[in-house]
Amino acid sequence: MTIKTINNIPLLGFAAYSGTGKTTLLEALLPKLTATGLKIGVLKHAHHNFDVDKPGKDSYRLRKAGASQMLISSRYRHALMTETPEEEANFEHLLSRFDHKALDVILVEGCKNIAFPKIELNRKELSKPWLHPSDENIIAIASDSVLDVPLPTMDINDLDAISQFIIEYLSPAGKTEAPASCCDTLSPALLSVKQGQQKILEAVSSAAMTENVELMSAYGRVLAQDIVSPINVPAYTNSAMDGFALRAEDLPTENNGQQQFDVVASIMAGHAFDGTLQQGQAAQIMTGAPMPKGADTVVMREQATHANSKVSFGNAAITPGQNVRQAGEDLAIGQSVFEKGTLIEAPELGMIGSLGFGQVEVKRKLNVAVFSTGDEVQAPGSPLKANSIYDSNRFTIMAMLQKLGCDIVDLGILEDDESVMEAAILNASESADLVVTSGGVSVGDADFIKDVLEKSGNVDFWRINMRPGRPLAFGHINGKPFFGLPGNPVAVMVSFINFVEPAIRKMQGIQQFLPFKASAVAEMPLRSRQGRTEFSRGVYTMNEETGQLTVRTTGKQGSGILRSMSEANCLIEISPNIDTVKTGESVTIVPLQGRI
């Protein structure tokens, strides 16, 4: 029996529906367990609001007055109360708050939708459904029913039997040491999403070839060299607004609305005043125009009274040096602007242009070969034949590759002929940087493509602990990365986002290659199966009153329902340690804008 731990401290939960008597049972068990010398920490999860200090007490009054964290201490104990109005603290964070050096075990009351070992409690009189048939983390059952199940069972009223089971469970002889409990603790036969990503990213590297392109062709490309400013930005000291340039030393020590300056020039942007301002002189100046010699301050036009080559400023508060942009204020000559690996988008393109670069060195575009397989797959544009399906995955993959700035080698549909497939795949691996296909590569399939891959490469066939997108093939053909994605249309896109896109980003030389994620509040209950990562198609919006992102699903979530991806603007990611997300709870989303 495997024990899950955090910092080498075993975890054991008591899972049951409300009213079963979890707290009463624990209250009775604790004296028996502590009598054996065990040092026990207890985590209790409540579904309602609660106070841990009494109304009227100092700590209660200070917390209610607005303290977001309230630490109260005495000679006998101390307690930290933390307000969490935005979202509930997650399980791992709560466990981390214990002093693990002082404990032998952490018992958890509640949290029945989290993946860690639990004893199920059940009383017949409540007529509640059993948890163990759908929760593989149940390791034993304590109830008042007679059961015929493969799990250890105990009478819920036999405290000695329950405490003896816990002691034996925690004893060194009964342990099989395992890594600290986390959301990626998996069956050995499966890889987690994170493990799959890590294996793939370790196996690919940034392409070495670069090219110089005109600035207008650099959008969406990746910098191959650092950008260092060859000039000062601004190149010269200039006015930050339309107004009048003058010498700060000419300003009166006290406000004098009657003081007038002689306007000796009008300076437009792109032009300069050759002279030097003398005492009592000012120059009318436009935004961006170079400051005249001698001047160091600009007063905005709206504060000026200008007539007959004279200007005064009433009682305007004037600070020496105001409204002037100094040369090199934004960037100095030799200052680093962008590092190689930066994706060039609109702001970067404008900044590079402002430095005077007409060309930029970028990573060469990746060439990606794409094909579909199967005699039943038919190209769109002709009447559908009997026993055939139209090819959709190839077009989906090519569209996502275009979004990533790749050049595409479209190999079309390959018939179920081993020699045809072998020739096409080998040719693709010689001309392309990457090969992507879908379908026909899952574990147990008897397709020709697997035989071809085994002859010419080192492709592995994986089962990823996720839904949709469980089957995945990855490896190398003639040294070029190869991806075999699942056959279902939605699974293709989910797998592409999680595995192919990060690999391409790394090969392009981009530093941040994993999908961006955010947190949103569920507008509806969401279900998953513990032990795997669930990706649902969702629609997120911003709550205008709270500024919080909220999310709902697009409806039916079958992996063949392509329309669900068209309606979605995000993926809802439910981690393996969660089987239920309740309305109002926080969940992770992967925005799809810019991806599909």
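Structure first, text after, so check above.
First, a word on what this report is: a plain description of the structure on this page. (Residues numbered from 1 in each chain as written. Predicted model: local features only at pLDDT ≥ 70, side-chain atom pairs only at ≥ 80, totals over all residues. Heavy atoms only, no water.)

## Some points on the overall build of the protein
As a reminder, the rule being used: Every helix listed is a DSSP run of H or I at least four residues long, and every strand listed is a run of E at least two residues long, numbered separately from the N terminus. By the convention used here, residues are in contact when the closest approach between their heavy atoms is within 4.5 Å. All accessible-area figures derive from a Shrake-Rupley calculation using a 1.4 Å probe, and residue coverage is judged against the displayed protein chains alone.
When its secondary structure is counted, the protein shows eleven helices and 37 strands. Within the protein, contacts between residues separated by at least 24 positions form 68% of all contacts whose residues are at least 6 apart in sequence. When the accessible area of the protein is evaluated, it comes to approximately 30,300 Å², of which 49% is carbon and sulfur surface.

## Quick notes on the sheet that holds strand β17 (residues 305-307)
Under the convention used in this document: At least two DSSP bridges between two strands are needed for those strands to be called paired. Helix axes are fitted to C-alpha atoms over the stretch in contact, other axes to C-alpha atoms as well, and angles between N-to-C directions run from 0 to 180 degrees.
A sheet is described by the order of its strands in space; here six strands give the open sequence β16-β13-β15-β14-β18-β17, paired in mixed fashion. Of all the strands in the sheet, just β16 (297-300) and β17 have a single pairing partner and so form its edges. Geometrically, the sheet is characterised by an average inter-axis angle of 35° between neighbouring strands, direction not taken into account. Taken together, the three bridges between β17 and strand β18 (residues 310-312) define a ladder with antiparallel strand orientation. Directly across from A307, in β18, lies its bridge partner K310.

## Some points on the packing of aromatic side chains
Think of a pair of aromatic rings as described by two things: how far the centres are apart, and how the planes are tilted against each other in angle. Defined as follows: The aromatic pairing rule takes the rings of Phe, Tyr and Trp, using the six-membered ring of Trp, and pairs them if the centres are within 6.5 Å, calling planes under 30 degrees apart stacked, those over 60 edge-to-face and the rest tilted. For every residue, the accessible area obtained with a 1.4 Å probe (protein chains only) is divided by the maximum for its type, and the residue is called buried under 20%, exposed over 50%, and partly exposed between those limits. For a ring to carry a charge above it, either NZ of a lysine or CZ of an arginine must fall within 6 Å of the ring centroid while also lying within 35 degrees of the normal to the ring plane.
Applying the stated criterion across every chain yields a total of five aromatic pairs. Their ring planes at 40° and their centres at 6.0 Å tell us that W462 and F474 sit as a pair that is tilted. Note that W462 is positioned in strand β27 (residues 460-463) and F474 in strand β29 (residues 471-477), a separation of twelve residues in sequence. Consider the rings of F474 and F483, whose centres lie 4.9 Å apart with planes at 50°: the pair is tilted. Across the pair, exposure class does not vary: F474 and F483 are buried alike. Taken together, the aromatic side chains of F244, F261 and F313 make up a single cluster linked through ring pairs. Against the face of F116 rests K118, its NZ or CZ located 4.7 Å from the ring centre. Taking the ring centre of F395 as reference, the NZ or CZ of R394 above it sits at 4.9 Å.

## Considering the sheet that holds β29
Taken in spatial order, the six strands line up as β25-β22-β26-β30-β29-β27 in an open sheet, and their pairing is mixed. Every other strand in the sheet has two partners, leaving β25 (407-414) and β27 as the edge strands with one partner each. Ignoring strand direction, the axes of neighbouring strands in this sheet form an average angle of 20°. As paired strands, β27 and β29 are joined by four bridges and run antiparallel to one another. Bridging across to β29, R463 finds its partner in P471.

## Quick word on the packing of helix α1 (residues 22-34) against helix α4 (residues 159-170)
When two helices pack together, their arrangement is given by the angle between the helix axes and by the axis-to-axis distance. Put simply, the rule reads: An angle below 35 degrees is treated as roughly parallel, one above 145 as roughly antiparallel, one from 65 to 115 as roughly perpendicular, and anything else as oblique. Should the near helix be turned anticlockwise from the far one by less than a right angle, the crossing is termed left-handed; should it be turned clockwise, right-handed. Amino acids outside the nonpolar list (Ala, Val, Leu, Ile, Met, Phe, Trp, Tyr, Cys, Pro) and the charged list (Asp, Glu, Lys, Arg) are all regarded as polar, and Gly is one of them.
Closest axis-to-axis distance for the α1/α4 pair is 10 Å, and the angle between their directions is 60°. On the basis of their axis angle, the class for α1 and α4 is oblique. Viewed along their axes, α1 and α4 form a crossing whose handedness is right-handed. Note on element contacts: α4 touches α1 through L159, D160, I162, S163, I166 and I167, opposite L25, A28, L29, K32 and L33. When grouped by side-chain class, the residues that make up the contact of α1 with α4 number eight nonpolar, one polar and two charged.

## Quick notes on the nonpolar core
The cut-off we apply is this: In these notes, a set of buried Ala, Val, Leu, Ile, Met, Phe, Trp, Tyr and Cys residues joined through side-chain atoms within 4.5 Å is what counts as a nonpolar core.
One finds F483, L485, F496 and I504 to be the most contacted residues of the largest nonpolar core, which totals 40 residues. Elements represented by at least two residues in this core include exactly α5 (193-203), β22 (367-373), α7 (393-403), β26 (434-438), β29, β30 (480-485) and α10 (489-507). Element by element, the count of residues in this core is highest for α10, at eleven residues. Setting aside its immediate chain neighbours within four residues, I504 contacts L366, L401, L404, C406, L434 and F496. Grouped together as the second largest cluster of nonpolar side chains are 26 residues, L526, Y540, I578 and V581 included.

## Observations regarding helix α8 (residues 418-431)
Residue pairs spaced three or four apart in an α-helix point in one direction, given the helix's 3.6 residues per turn. Quick reminder of the rule: To estimate the expected span of a helix, subtract one from its residue number and multiply by 1.5 Å. As used here, the arc is the angular range of directions from the helix axis to the C-beta atoms.
Look at α8: 20 Å from first C-alpha to last across 14 residues, which is about the 20 Å you get at 1.5 Å a residue. By the burial criterion, the buried members of α8 are M421, A424, I425, A428 and S429. Looking straight down α8, one finds that the buried residues subtend no more than 130° of arc, so they occupy a single side.

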